[in-house]
Structures are given as C-alpha cells and as structure tokens.
Number of protein chains: 4
Amino acid sequence: MGLHEECGVFGVYDAKGGCAECTYYGLYALQHRGQEACGIAANNNREIIYHKDVGLVGDVFDVQRLREMNGTMAIGHVRYATTGAGRRMNAQPFVVNYVKQQLAVVHNGNLVNTEELRDYFEHRGAIFQTASDTEIIAYSIAASRLKYGSVEEAVNHSVKHLKGAFSIIVMSPRKLIAARDPWGFRPLCIGKKGDAWYFASESCALDGVEAEYVREVEPGEIVVVEDGHLRSIRDNCQGMSYMCIFEYIYFARPDSVINGQSVHIARRNAGRLLAQEHPVEADLVIGVPDSGLDAALGYAEESGIPYGEGFVKNRYVGRTFITPNQQSREAAVRIKLGALRCQVAGKRVVMIDDSIVRGTTSKAIVNLLRQAGATEVHVRISAPEFISPCYFGTDIPDKSLLISCKYSCDEVCRKIGADSLGFLSLERLHEIAPDAACGFCEGCFSERYPVDPPADYALKHAGCG
Amino acid sequence: MGLHEECGVFGVYDAKGGCAECTYYGLYALQHRGQEACGIAANNNREIIYHKDVGLVGDVFDVQRLREMNGTMAIGHVRYATTGAGRRMNAQPFVVNYVKQQLAVVHNGNLVNTEELRDYFEHRGAIFQTASDTEIIAYSIAASRLKYGSVEEAVNHSVKHLKGAFSIIVMSPRKLIAARDPWGFRPLCIGKKGDAWYFASESCALDGVEAEYVREVEPGEIVVVEDGHLRSIRDNCQGMSYMCIFEYIYFARPDSVINGQSVHIARRNAGRLLAQEHPVEADLVIGVPDSGLDAALGYAEESGIPYGEGFVKNRYVGRTFITPNQQSREAAVRIKLGALRCQVAGKRVVMIDDSIVRGTTSKAIVNLLRQAGATEVHVRISAPEFISPCYFGTDIPDKSLLISCKYSCDEVCRKIGADSLGFLSLERLHEIAPDAACGFCEGCFSERYPVDPPADYALKHAGCG
Amino acid sequence: MGLHEECGVFGVYDAKGGCAECTYYGLYALQHRGQEACGIAANNNREIIYHKDVGLVGDVFDVQRLREMNGTMAIGHVRYATTGAGRRMNAQPFVVNYVKQQLAVVHNGNLVNTEELRDYFEHRGAIFQTASDTEIIAYSIAASRLKYGSVEEAVNHSVKHLKGAFSIIVMSPRKLIAARDPWGFRPLCIGKKGDAWYFASESCALDGVEAEYVREVEPGEIVVVEDGHLRSIRDNCQGMSYMCIFEYIYFARPDSVINGQSVHIARRNAGRLLAQEHPVEADLVIGVPDSGLDAALGYAEESGIPYGEGFVKNRYVGRTFITPNQQSREAAVRIKLGALRCQVAGKRVVMIDDSIVRGTTSKAIVNLLRQAGATEVHVRISAPEFISPCYFGTDIPDKSLLISCKYSCDEVCRKIGADSLGFLSLERLHEIAPDAACGFCEGCFSERYPVDPPADYALKHAGCG
Amino acid sequence: MGLHEECGVFGVYDAKGGCAECTYYGLYALQHRGQEACGIAANNNREIIYHKDVGLVGDVFDVQRLREMNGTMAIGHVRYATTGAGRRMNAQPFVVNYVKQQLAVVHNGNLVNTEELRDYFEHRGAIFQTASDTEIIAYSIAASRLKYGSVEEAVNHSVKHLKGAFSIIVMSPRKLIAARDPWGFRPLCIGKKGDAWYFASESCALDGVEAEYVREVEPGEIVVVEDGHLRSIRDNCQGMSYMCIFEYIYFARPDSVINGQSVHIARRNAGRLLAQEHPVEADLVIGVPDSGLDAALGYAEESGIPYGEGFVKNRYVGRTFITPNQQSREAAVRIKLGALRCQVAGKRVVMIDDSIVRGTTSKAIVNLLRQAGATEVHVRISAPEFISPCYFGTDIPDKSLLISCKYSCDEVCRKIGADSLGFLSLERLHEIAPDAACGFCEGCFSERYPVDPPADYALKHAGCG
C-alpha cells in the first residue's frame, strides 16, 4: 500500500495489423504497473505514428484514435505516478528521428549511470529535452547506429554502456527488438499467437490478448523480430540473474507467471513461511487488500487458523481524493478501508500486509481493527524489513523514510500499536519462489545490490523509466 | 456483475459546521450505490447552496468547493449510471424555492404512481423540468405546505400520496427530515456522534465519518431534526416491512449492517445455504469478484471444499473501456478478469456468483476457467433465478432480457457451458438474513410485489431516484 | 465598452428540417448580445430535444450535436455574461413538460413584477428551480393553458400579467409563437425564405441565414406559426411604443435594421448631431472601437475634420484576460487598445465613444492618446449622460456607480483628463433614428420609465432573460 | 484573410523580476502573429522553468502559473495555426539541457537548409524529437558550444550555418541573446524601460508593456544582454536587407513601427498608390476588415471618393466554426461578414482587400455586396499578385493554389465577379514604406528570392518556427 512499480511495457508484431488495438488491451492488463501516463506507437508501412498523454489507458485512448494508428507493429507503455512539471514530456513511447529514419523506445527500469552517460553525450553536442533515461537510451542507440550496420547491432552495442535496470522494447521501421539488462532486474517475457509475436512486462498481458506465454527474455538477451521471425543476440548474457523479488511480493499481478513462478503461489508461500516463522494463537487470519489477501490465505492454510475477510476496500478512492482537513490520518484510512466488524469483533486477529514503509498507515489499520472490536492484532509482513532504497526502478524510498532503518522490530510493533509483529526472514525469502528459474535482487532488504548505486544518488531521480 | 443500485443518500445535522465536508466523506462510502452523478447541498445560515454534476464524488468536488459550502446541515446524493441526455439535469440534490423559501431533497428509490402524480400536478398548472421522481416529490411537499403549518407536516401529508420506494432526506432552512416509504423498500439509517445527527443509506457511511449507528428509519417513519433534537412522526407506519433482499446479496457494501443483519454474514450464509442445497464433489471453491467472494467463503466452510482465489479483477476498467471490435465477448471479460491458472488448472471448480441476468457474462467466465485448465466448472448462484423486473429502484430488467424467464435451469446450465448449475431456492432465501428485523421484497425472484407495478410500465423510466 | 445587452433570441419554422443548424447560424449572428451561455431546442416529430451550456455558440455546439437535433422547428438563445453559481441552470431555452406535453421558451428582456408573480405561483404550490424570469413565464403559460383551449390563447392570456420587457419565442409540439411586451422594449423581427418563417432579435441574424426581413413583431403582438402559416393576435397591442434607444447607440449590430432604422446610420447620425451640438477645432476625429467608429465617421462628415483610425483593438482579449497585478488600470487598457501614434501624435484629437459609466476606462483611454502624442483630446459621447439604471434587460448599473449621477459634465471632463467633453443632448437624442417607426424608452438618460420599476429593486436581479 | 504569419517572439531582461508576467502581456500584443500555441520560459536564479501548450495566451496561462514562473529573464512565443499531430510537441520555447546546463530558444522564421542540417547532425548521432527548425537551431548552438568559450560565441558560430529566415531569442542561465538572419527577413526590435531590456517581433508589444522602442536588431546582428548591459556582435552583418514587405501589407499590427515605418501609414500609402494606379469612378470606398480598412482610407483620401464602412465583422467566429453542410461557401462568408446594406445599396463601390489567394473568398464577398445592393463592385488589392510561395516563414502557398499564377488579372476579375480589378504594381510596391530604413524580400510577388529555396521543397514543412 503506497509503493509503486515504475512502468510496464508491451510490444506486438503481427503482419495482419491491428497492433495498436492489441497494445491497448495489453496495456490495460499492465495498468497496475503505472497509472500516471501511457502511450502507444504504431508502425504503419514503416512510418511510426504515436500518441501519449497523462492519464489512464482508458482515458487517453478511444476507438477513433486506435483506428487511426492500426499498424503491423506497435509498442506501448504505462508510467507510474509522479508529480509536478514535465509529466507530459516524460510519457513514453519515446519516438525520434535519427540517421536511419524513425525509432520508438519504451523502457521499464532505472539506470544508475545516467549522469555519466548524459555527460558523455553532452560533450559530443547532445541536447536533452526530458529528464528520462529513455532519451539517453535513444541517444545511445542512435550514436551506435553510426558505427554498426543494423539497428539490432546498434542496440546490442549501446546497451553495453547502460548500467542498471532496463527492460526495453525498440521499434524501427522494420524490426521489433526487446532487450533486458544483464542482471535481469525487471521482468520481460515473450508471447505468441499464430504468426504474431509479443513482448510484455508480465504474462497477464499475454493472457489479456489471448497470446501464449513462450518464455522470458533472458538477462542480457536481445530478441529481434524481423519479417515475422524471432532471433536472439546473446552477447551480453553473462549468466547473472538478479530479478527484483518484490515483483512477487507486491508489484506483479497475481495471475502473472514470472520465470516459471506463479505470483499468486509465491504470495501464498510467503504466507505459509510467515506462519512457520511467526506462529501465534489467534481466531482469524485476514489480509490487507489487495496484495495481502493471497499471503493471508497461505498463513491460514499453514497455521490452521480460519481465513476470513477483514476489510472492504473502497474501489472509488482515486487520485483526486481530498485528505480530510479536520480529521486524523485514521480518518483517511477509514475512507479507503472499512473494517468488517462482524468478522473481527471479539477475535484475536492475524493481519497480513506486504510491507511497512513509514508505519503510519499500518498504525491506522491496526487501530481500525481495534475499533471494530478485535481483541488482539498480530501483524505479519510477507517480506523482510525495508532497510535500503531501490535504485533499479521502484520508489522504495531513502533510508530516512524507512521505519525499519531507525527502529527495531519490537519498537515498530509498539509504534503501530500491534500485539505482535513478524517479518518474513531474509534467509527464507527466496523460498517464496521455489519454481523461479532465476536469482534475485534483494537490495532493499539486505543493502546488497548486484550493481553499485551511484555515489551521489540524490533520490531526485525524476527520470526513471 | 452488471446490475446497478439506484442511488445513495446521506444527510448530516451538526451545529458545529463542516457538514459539506462530512457529506463528501459520507458519499465516498456510498459511491458503490451510484457512479454517474453526485451532489451536495449545504445550509449556511438558512441559505441553501449546492453543487452537483456528472462524475464521481472525488472528481466533482475539491477542497475549495467544499470550503465554500461548509454549513450546519447538508445532504448529498450519488446516482447510478444511466446514459444519454439530461443526465446533468437529473443529478441531485434537487433544490427549489417555494412558498417557504428553500427546500433541498435527495431520494433513493422509485415511485410507481409517477404518471398519476405528474398528471395531477400538471392539471394544476405545474411544469416539470426533469424526468425524475424527486421533482414530483418536491412538488408534492410544496403543495402540501400550503395547507399544513410546518414542513414536516407537509412531508408527512405529501408522502401519503407516493406509491413505491422512497428513502428521502429533506433539508429546509431550519430542519433536516428523513422519510421512508411504508413498505421500507430501500434502507435508511440514523447515526450519531456527539450532538450531531446523521442519515445514510447504509451504515458503512456512518463508519466513514466515525459516527455511531443508532437505528434504522422505520418503514413509514418521518424523522425530524430541529434545533439539534430528533423526533418522529409515525402516522404512515403500517407495520409492513418489505426491504429489498437483493441489498444483502449484491447492492450493499459488505461492511454495512442493515436492519441488524451484517451484509457480509448474509452473503456468507447464502454460500452456506447453497452448499446445502446444491452440493457437488469438487477440489476448489472460488468466487467471482467482488460480490461472489463472501458467498464462496461460506460455500467452502459448509462444504469442506478448500476456498481459493480464482480470478484477478482489473481495477482500472472504467466507464471508458472500449469493447474490442474484432474480438469476442470473452475477450472483453478477459480484460476485466484474469483467471488464476495456478489455482484452477486440473481442478474441479465450484464458481460462486451473485446472479445470472442475460447469461452472456457467465458463459464467458466459465470459458475463462476452462481455458485456464479447470476440468469441471460447477456454477452456484447466491440468489434465486431472476424472473421479473424490479419497479422499486434497481435496474433488474424486463422479462425479455432475463435468461431464467425463458429457459429452465438445465437449459441455462448448458448455455453458459457449466457442468452443473444451482440457484439458491426462493424457499430458503430469507435464511440468509436471520438477524434482520424486517421482512423482504423478493419480487424479482417471485413476481409477487408488495405494491402493484403500474400497468403500462415501459421500463423507459429515466426518472428513478 | 463594458455594458452588456441581456440576451438574443432566434426561432425558425421550416417543414424541410435542418432547423437546429439554421438556429446555430442565427445565434452566431446574435452572439454580440450574449456570450455567457447559449442553447438550442429543436422539434423532431413533436418531441423537443435540446442542448444548452455555458460558452460561446461555436464551443457549445458541434456538427454531431446539430445533426442529432435537426428538427422542423427550433428556437435558440444567447445569454450575457454574469458570474457565480447557477449559471448553467439559467441557460436557455427553458424546456418543460406540462399538461399539454412539452414547451420550450426563450426570452430577452427583464420583468419588473417578478416578485409578485413568483409569490402568486408559490402560493399555488409552485416550485422554482432557477432565478430566471423565463421559469415564471413558463409557469404562467402552463397555468393559463388549463383555462384556455390552445397554447397561443394561453400565451395571450399569460403575458397580460407580465410587467416589463419581454421578447419571447415559444415552441410547442406543433406551433412556433413569438410575443413582445406591449411597450416594445426589446426588438424582435420576422423573416421569411421560401415557406420557412423566422423570428430574431435583430435582422442581422436573418441576413446570416439568407432570410428576408418581413417586419417587426409589434409591441403587444403575438405571432403564431402553425402548419406553415403565420397569423397574429393583437389583443395586447395598446398602441404604445418604447423601444430601448440604446439598442441603436450600442447594443445592436451596425448591419441590423430595427423598426426601419439602420443601426449604422443611427450611429452616424449621433456623430453628426454631436458635431452640431459640441463643435471643436481639431485635426482628427477618431472613434473608440468598435462601437465608436460609426459615430466618429458621422462627426467627421459633419464637422469637416478628417476621420482617421486612432486605435488598434486587440481581437484576442477574451474572458480569461488576467488583470495586471503590479500595473495600473491604464496598463490593462493598453493591452486591449493600441494607440496609433503615427495618426495622433502632434494632433488635436476628437475622440468619440458611446458612453461613460464609471469614467475609469475613459480616463485610461484619454491618457493613452496623450502618451501617443495627442496635443488635445476632446471627448464626445454619442449618447446623453447615464443618470439612472435600466430595469428592462440591460446591465446599466445603479446610480451609485454612474459618474454622471454624481458629477457635472465639467467635473467628469476633469476627472477623465479631457480638454473638453460633450454628450449628445437628451432633447435631440431621438433625431438619431429618424427612420424608426417607433417611440423610445430613454429611462437611463431621463429617469422617466414607461413602466414603474419595482419599489425595492435591489439590482441583484440574477434572473433577467 | 486566410494567410498566416508564422510566429511572434518576445524576450525581457529585468533584474527586478516579474518577467514571466511581462512576457505574458508582450505575447498578448503579438497574438495576431500566431494563435495555435504559445509558451513562456522564465529564468529563476539560473534555473529555467517553462510552460507551453496549444491555445491562446489567455487560455494557456493563468495568474497562478505566472506567479510560479516569475523570473529575472523570460522569453515567449506565439505560434500560428497548423493542424494534426505533434502540435503540442512543436510549441515553443524549446528548452534543453546541454553541456552547459540549460538553454531556451524561441524562433520566428523558416530555414531552407533544414534537410542538410538535420542530415549533418544525424550523422553525428543526433536524435530529433520534433519537426521544428528550432530543435535544429538548438543542436547547432549546443554543438558550437563545445568549441567556443561562451554561449554568444556559440550562437554566433552556429547561425553562420543557418540558411533562411530566423529571428531568434536565446536564454541561457545568465544571458539573453537575440539574433537575426543576415537577410533580415523577419522583424525583431529592441526596447527599454529603466534598466530593463526587451526584444519583440513588433513594437506594439513594447507599447503593451510600456517600454520604449530603441531600434531594430540589424540583419545578421547578435545582441547580448548580460548583467543588465547590452552589446552586439556584428560578425554576420553583411549589409544585406530583405525584410518581408508583406509584414507591412498584412501581417504586422497597424500600431507597430518596423524599421522606422509605421505599418498603418504603409497601408494607407498602399491605398493611395492604388488610387493612382487604378482610379475608378465610384460613390464609396470600403475595406474588407480588418486589414483592408487602412488601405481603404488611403484610397478614399487620394481619390476623393467618400470612405465608409461596408461590412460588419463577426468577432466571435473562432476556430471551432462549423462550415455549413447544406450551404454554399457564400453562406460561410455571410456568417463572418455582414454587409452594411444602408451604405452600399445603390452605390458604385470600391472594395479594398490585401490579397487574393485562391479567389473563392473574394468571390463570396463581391457577391455579398451585390446582394446588399451595390450596383458596381471595383476590387482593389493593396499588394501585387501572388505568383510564388513563401519559403521564409509565412504560409503563402504553392503556385498550384495561387489564382494569379494561372489566370490573368482580367480572368481573375471575371472569376470573382468584380466589375474591375486592380493590384498594386510590383514597380511601385516599395513606395508604400518610404520611411523604412531597409530593403525588402518581395519573392512571393516577383519569384526573386534573396536566398535560393530548396530544390525539393515539398511544402510539407510542418516545422517552421
């Protein structure tokens, strides 16, 4: 509750056309990865036309717009919620003219050597119109294209200079190219239906367009679709694998399967592990909607304590919600969540959530349960404690804002007013995803990152993809 | 999935002011009862100022607007989604000048003698600017006020002529008045916090503003708040009680308590009853979100078959969703619901939903489960078969559109592609709400209505409240 | 500069259809009479459909909207700029259901017995949803219709009770009816093209739709178009004639002909008369755009002093213009008007304007000319001094705001910084319109009104038509 | 009527701040040079913040926005009306980050070597996000900045490579720089008030902010304001002078003075010359508003034929005007222009306009006069015949669309239905501006351009500044 994934990408190559509409539905399925802005670029007879704006997919596009775009290739993007100026400028796809006509790029992730790259290009005469990593990636590809004979070679060469997280899809007049950083921070998968090929951040977008999941794009792999055929460049594959494990815990949609691991099952596993690590005597296990529900089912199964619904979430609380003036933080939470008094009154309750960032929301929710009559509230978190920020494409904030950086588990427990508090241990974290054919980045929990963060990382990074 | 409640009302009397803001939060909690339009009227030193428009509560109002309204009394309204012209005109509160200054009215329900009343007033020189029942109610009160010495007497007299469902709140320069039809079709409850009094369609709105639930407004009762004191007129109370039972099954929010019966528990009871009436051998019980989930828990508990999540609902599918052109109805459902393959694959599944109207959506959902690998799909509906429309404030449609009017249960089962299909029996329907201190209208299931519907009811009634 | 006409009306009866589109063009030509809101109601097979909103004609309507309306009759309205709440509610046409189906009304003017009428109807049970005279007129017609056998008889009877200015067009399922108050305050004329009939506030709207001017609707006359034929009811014609003379001076469009008198010629005549009454030695005659230009031409012709352009008006200063914070009133005028230095520098200038209300704008304009190098500035006003407000449909304000109520002509001259100042005399005012076959209301200049204003006229009259 | 200037620019350096607001008023005065889009960039403590969007100045900016921008330097831009995609992207100022922090650029004009420049930069790795010349200019400056020690030197060097028309203003963190192409196609002048410096496309913008006109920026000159002081670089001054003479005839505002020549006087001179070259016996001289009015005054003065107003222009015809479906082109003109029947009926009329492009509008206007009763219509055009397009910043179209390319003057006269037709001769054209201290580009009239247009000029140039 409160953290944001930073973007989702989708791409389709279908000689039969209709690719803009297909991308529209793909983005709908990925909307949970970003609600600030979105865009689609379609390739019509080698000319790229695009539309992007601030807003949800359903608001930015209409039938007329999609029909005008059509296309035999298309890529799309959803972007997470930031505030302030330039929001429209930073929307993607990023479409440019360069030495070989047009290029469109979408990007999920965050680079850590942005400053160096920007500096490098500026010293060669570049001008930057946005604060986004994507503009740097486009420059990099354009510069490489001067030396290399094809756009995929240019992509292959240019990504060697990118440090950090990137799952990108590039569309040229004739080719659709997907690439993933060698660490594999952000997910990106391949789908197929008939002769058409698809790329998507999550498999739920493939389901949304009735495509079949084929496989993940490998860390470091570049996948090229040309003339309807798919081939790979594996120059940059280094055998590493550090996928963001928080995708399983919070970001991804439960019906997605990432690296062979069902997200839903992973969350349930997290609940089971929690029950093993932090058992408690109680009458009811409930989850904080929506992401805590799966883990609550797992905890209930493992512990034998009955599962129940503890809250009703208000589905209409949107971005324009006015925080009450004369009222407490609890009042705001009270609008968003209604406690099911009939369920919790007189009971010892285990409440599962996916994370504690600042602790204020958790405190309000615990209070809500007590007012509804819960006699005990035992909080269980389906992830370890956040002790360090994320530099690779999510907005897990600076240490100064993380309650677990400053306080022990017992102190946090007291601060949020719980009777007991338990986090999933870092040691057993990886057990939530036994089917995952990949390694993980757990930097926000361990402060150990596969790539060094920039020395002067100021957290003012407006330009994540 | 697909039916709509027709409106929610809220009112507050608080001498300390801030009533517009309070109503804003009350309406937020009632937003599930209507998403088309909303409005608030506030009483500032006996002058009524109001604002209403098409849109969600969070979009129509902002901080500035609420501050300008303030008030020591306020009433508000959310309206369900209709289409076409005059939508803005039909938004409520309905505010008029009449012989005794100003009057504001909000209304939930639907009258069945609209034509007679309209005719009556038109033959006395009335002009009607909208197609809403609320305008007729206002006329009726204004006309009565000429003969009676107070606004509450006028309300008391005028409602005697109204036939059908109405839960109204009336605000005069000095009084806040709530009234409910003698049959008690639509819910309306009373709340209290300190010296302040509240009226709301559902108790979840009282929770939203931290007010305490006091009791229901009785069928036929008129409740008057004047100078901070509450009193009742029970002239029209006839000892009848016919509350819409579908409020428990679908319309109301699970955390509301209506007539002493928790909505969540009622749904769970419906699931339990279904398990008794239509048992089946299966591996998993799932619910169609959101309203099928509670009943699924009940079915699982009663049957001993494990409960699980079977679907992920896309939270971003709004009113602007474009129905796919080149794709099937299933494709549209596929965007809205993602099946959890990891849960249902290889399993015999019991799927709980709250109703079948036309059958097309049910068919698409069953198909979704089969494609996700379910070996058997047993559909259970937590209500009896719809065989007749609703004339009292919901949009349960005409017989020609109700699949159960035309086909037997077996035929419907085949049409939706299920392995078995079971509805809750009409006989045991009332058992879902054992704690409810009221009787029920079950007209849509039984075709027996407590009030005769109009002979020529054309179902083109744009003017329900 | 700064005064506003209060509304324009248009109506068309054409059995061939396309009446909504025709009304759209008619309203375009009348847009100078009101820029706040507009609306069109069209009659399609005896059903009236309408659309109205805040905004200019070109913004409120688009092709799609007009096509949906079509119609074999239509009426339309443009409304002047007021501020604050309820603006949308007060837009016209006013469309109601009453005892004989539907009725649409548009109104230009202002009643002075609003309070009595409202009181009368409220004591018979009426409710009022707006503050507009038009609602009262509709009530009056509806009430009369109960006693009289046709809508035109109801109109005929009901207007007998209206005191003040009204030029109305009423559309019933089968008839189009125009009516004008017995004093003839506001203009209303009849046009024809083929079998089609037209009503319009000014003849320029007839030109706009290529219809021929037929004649004025007479004061007190009711004109009925039924089955393509036009007939008159002259019950209320009392041989009076008091048309607002300020229509000629300021409100009407110069290419309109009202009561046989060209507006352009009238303004030129005003200039000629001014030259006779207030001659001066000077080098150049200029007008304040737009309405002062015609009078300036007349002054130049009569005086023999050369005519020239003295100002460039900024055509893009709209309603959203931000008044400069740190700058003087002159700065605001400077954005709206650019002085032509090449014309006025070193010259003795006669500057013609149509009125002085508060005097602040005149002062700024005089200063502009001096800064541009004019050696003398002689101000001539093509109307007498405003000494009293208007109660009959314009916003000439209360005495407390009229500079000529408080100061002598010499004092005003000093206050606005002119070298001399001359107003057209009240005695010769009527000479501006020698061709006009009517008498005039000159109440704002003489304080003598043909109808007594209400005793307690509070100038808060939000509800003028 | 129908041609468009392509942009206006404004810049201010004022250590006291308030520069964004000042630019707002400057742009208001330049709005006639472009109504599609506008923008302002302000320099706050060396940080450039900007806002730009599609729309008029008064719609795009509000008080809040201007206050947030403030600044001790600011530049602004108004852009002419094009259609279609990317309109928002092409709005100016163009703001970039480059090797030396930030740079903002506004541009009026059009380059003819765009393709070569784009090609050059693309072959060095550049990516282009818009189709505008301004992006190329920014690249050029950024690339030069690598080799030169200051931003003004970079500007000086980079503009040497630009071929065509450019009047640009560049804002760096510390400097405000204006530059004009060596031919001096587009105007650009310098103003002063106290310690503040101003740049503007026309002097009317200086009047709008009460600044004094100082002088023109010379062709080829670069003017730098730094620390409040102004200095010049004249490296690129080549003693040439080819200002667009159509600025005097049509584009510029009459109250502007360009190169010492009053625009109003120039138009009057054009009228006088026309009277000498194409005299005719007639009763009345009228102008087509707005730009024909001044020339009509001149024709009247020279010929002795009385001047009068012949038309009323509808001030409310905006961009959303719906062209009538079932009606003729004349009907559209009829909405925009009302003929003053009282003036022209029974008269031989000389009608002055500024140009004939396709001839269709002229034909409709002549027809309007005849229908209003003119017995003869003699058309006089205050410019020579268009025989060639403009490549330097206006939208005078391709030869195939210019009626005078295909037909003789006599033929055009017949086609537009006039009794006689006369154009100002190319030989005497320069006599309209006797006070102008500059030479002229008359390419659209003579097909002789001071700079060769590109061989393959496709007229699809979306990217003019």
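Residues numbered from 1 in each chain as written. Chains lettered and ligands numbered in written order. Predicted model: local features only at pLDDT ≥ 70, side-chain atom pairs only at ≥ 80, totals over all residues. Heavy atoms only, no water.

A. Region of the structure containing the overall build of chain A. Each helix and strand counted, chain A has 16 helices and 23 strands in total. Taken over the C-alpha trace, chain A has a radius of gyration of 23 Å; the compact-globule value for 465 residues is 23 Å, and the two agree within 12%. Judged by the C-alpha coordinates and their principal axes, chain A covers about 70 × 45 × 45 Å. For chain A, buried positions account for 65% of its 465 residues. A separation threshold of at least 6 residues defines the contact pool for chain A, and within that pool the share at least 24 residues apart is 70%. Accessible area for chain A stands at about 15500 Å²; split by element, carbon and sulfur atoms hold 46% of it. (Helix = DSSP H or I, 4+ residues; strand = E, 2+ residues; numbered from the N terminus. Rg over C-alpha atoms; globule rule 2.2 N^0.38 Å. Buried < 20%, exposed > 50% of the residue type's maximum accessible area, 1.4 Å probe, protein only. Contact = heavy atoms within 4.5 Å. Areas by Shrake-Rupley, 256 points an atom, 1.4 Å probe, with all protein chains shown as cover.)

B. Looking closely at the sheet that holds strand E21 (residues 376-381) of chain C. All names here are of chain C. With parallel pairing, the four strands of this open sheet are ordered in space as E17-E20-E21-E22. Of all the strands in the sheet, just strand E17 (284-287) and strand E22 (420-423) have a single pairing partner and so form its edges. Geometrically, the sheet is characterised by an average inter-axis angle of 20° between neighbouring strands, direction not taken into account. Two strands pair when backbone bridges link them, and E21 and E22 are joined in this way by four bridges, in the parallel orientation. Of the residues in E22, the one forming a bridge with valine 379 is leucine 421. In the packing of helix H10 (residues 292-303) onto the sheet, the strands contacted are E17, strand E20 (348-353) and E21, and the crossing angle to E17 comes to about 160°. Contacting E17, E20 and E21, helix H13 (residues 360-371) crosses the sheet at an angle of about 150° to E21. (Pairing = 2+ DSSP bridges. Axes fitted to C-alpha atoms, helices over the stretch in contact; angles between N-to-C directions.)

C. Structural context of the relation of the copies chain C and chain D. Mapping chain C onto chain D is achieved by rotating through 180° and translating by 0.0 Å along the same axis, at an RMSD of 0.1 Å. What we have between these two chains is a two-fold relation. The position closest to the rotation axis in chain C is occupied by the C-alpha of arginine 315 of chain C, lying 3.8 Å away. (Least-squares fit on C-alpha atoms with pLDDT ≥ 70 in both.)

D. Up close: the interface of chain C and chain B. If you look at the interface, chain C gives 25 residues, while chain B gives 25 residues. Summed over both sides, the interface between chain C and chain B buries roughly 2100 Å², with carbon and sulfur atoms accounting for 55% of that surface. Connecting chain C to chain B are zero salt bridges. Counting across the interface, chain C meets chain B through five residue pairs in polar contact (both at pLDDT 80 or more). Those elements that provide at least two residues to the side of chain C that touches chain B are strand E3 (47-54), strand E5 (94-98) and helix H5 (133-145) of chain C. Class assignment of the residues belonging to the side of chain C that touches chain B gives a composition of 15 nonpolar, five polar and five charged. (Buried area = accessible area lost by both parts, 1.4 Å probe. Salt bridge = Lys/Arg side-chain N within 4 Å of Asp/Glu carboxyl O. Polar contact = N/O pair within 3.5 Å; in protein donor to acceptor, adjacent residues only side chain to side chain. Nonpolar A, V, L, I, M, F, W, Y, C, P; charged D, E, K, R; others polar.)

E. Representation of the interface of chain C and chain D within the structure. Taken together, the contact between chain C and chain D spans 56 residues of the former and 56 residues of the latter. With both chains or domains summed, chain C and chain D bury close to 4600 Å², and 54% of this area falls on carbon and sulfur atoms. On the surface where chain C and chain D come into contact, there are four salt bridges. The salt bridge partner of aspartate 290 of chain D is arginine 315 of chain C, with a shortest N-O separation of 3.5 Å. Counting across the chain C and chain D interface gives 10 residue pairs in polar contact (both at pLDDT 80 or more). When residues in the side of chain C that touches chain D are grouped by element, the largest group, five residues, is from helix H1 (residues 19-29) of chain C.

On their own, these measurements won't tell you what the molecule is for.
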